[in-house]
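Structural characterization, general
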Amino acid sequence: GADISARNIDNLSTHFPLCMQHLHRSLRRDAHLKHFGRLQYTLFLKGIGLNLEECLVFWRSAFHKVTDDQFNKEYRYNVRHVYGDVGGDSNRRSGGYSPFSCQKILTEHPPGPGEAHGCPYRHFNLDNLTALLQGVGISDQSVLRGVKEDKEKQKFHLACNRVFEHVHKNEMKQAKDEGIMTSAQLETIVHPNEYFKRSYLLKN
Ligand code: SF4
C-alpha cells in the first residue's frame, strides 16, 4: 500500500497538481506558508490520506524556523480544526473540512503578495506560470503553447488536464489499452485530490 506519511510527502509531491506543487515548493523554500496556503495544502494532504498525527509531524518539521511554543500556539490548533479534532460539535461530527475543489480554488480568496495558494494556471501571469512549469520539468513547447492558449481562454482546468495528460501519456495509453481505466475514469479532472489519485494509480 501507499506510504502516506510525513516523511514521504517530498516523494509523493511528484503526483501533485501544479497548485499543490507550488505550495510544497514554497513551503520548502520559506519554511512557512501563510494562512490560506496552509489551509489549502492541509486539506489536500488530508484528502490524500495523511492522518492528523502525520500531518502535525509534517507541519512541525516544515516550519523548522519556529519554536515548539510558537508552533503550538499559532499553528497546531488550525491543523487539528481542519481534521475535526477540535472545534464545535458539528465540526467534530463532520470530521472537519472537506478538501477544496478546483472550482473553489479558482474562484475564492485569490492570493495576494507573498501568498502561495490558489491555482497557478489562473493566478500566475504567463511568464511566472511558464517558469513554474519548467521548474517542475514541463518544457515541451507544444504543451506550453497549449497551456498559454487555455489560459487566454480562461480554461484553467483544461490547462491542468493538458499537463496531466502530457506527464502521464505513456501510462494512460497503456491503461486504456489494457482496459484498466475506462474512458469515464479518464474524464477531465476537476479536483486536486482526483489529480493525485489518478496520477498515483497510473504510476504504481
Ligand atoms: Fe490545482 Fe485545479 Fe488549478 Fe489544477 S486546475 S492547478 S488541480 S486548482
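Check the entry above for the structure.
Residues numbered from 1 in each chain as written. Predicted model: local features only at pLDDT ≥ 70, side-chain atom pairs only at ≥ 80, totals over all residues. Heavy atoms only, no water.

**Structural notes on the overall build of the protein**
The number of helices and strands found in the protein is 13 helices and zero strands. Listing each helix as α and each strand as β along the protein from the N terminus yields α-α-α-α-α-α-α-α-α-α-α-α-α. For 204 residues, the compact-globule estimate of 2.2 N^0.38 gives 17 Å, and the C-alpha radius of gyration of the protein, at 17 Å, lies within 12% of that figure. Along the three orthogonal principal directions, the C-alpha set of the protein runs to about 50 × 40 × 30 Å. For the protein, with 204 residues in total, the buried portion stands at 46%. The contacts of the protein with a sequence gap of at least 6 include a subset with a gap of at least 24, amounting to 61%. When the accessible area of the protein is evaluated, it comes to approximately 10900 Å², of which 47% is carbon and sulfur surface. (Helix = DSSP H or I, 4+ residues; strand = E, 2+ residues; numbered from the N terminus. Rg over C-alpha atoms; globule rule 2.2 N^0.38 Å. Buried < 20%, exposed > 50% of the residue type's maximum accessible area, 1.4 Å probe, protein only. Contact = heavy atoms within 4.5 Å. Areas by Shrake-Rupley, 256 points an atom, 1.4 Å probe, with all protein chains shown as cover.)

**Let's talk about the site of the ligand**
Near the ligand the following residues occur: Pro-17, Cys-19, Cys-102, Ile-105, Cys-119, Tyr-121, His-157, Cys-160 and Pro-192. Most atoms of the ligand, that is more than half of them, are within 2 Å of grid points of the largest cavity. Elements with a minimum of two residues in the shell around the ligand: helix H7 (102-107) and helix H11 (156-167). Per-class residue counts for the shell around the ligand are eight nonpolar, one polar and no charged. (Near = heavy atom within 4 Å. 1 Å grid on protein atoms, 1.4 Å probe; cavity = no way out; pocket = protein on both sides within 12 Å on 5 of 7 lines; lining within 4 Å. Sits in = over half its atoms within 2 Å of the grid points. Nonpolar A, V, L, I, M, F, W, Y, C, P; charged D, E, K, R; others polar.)

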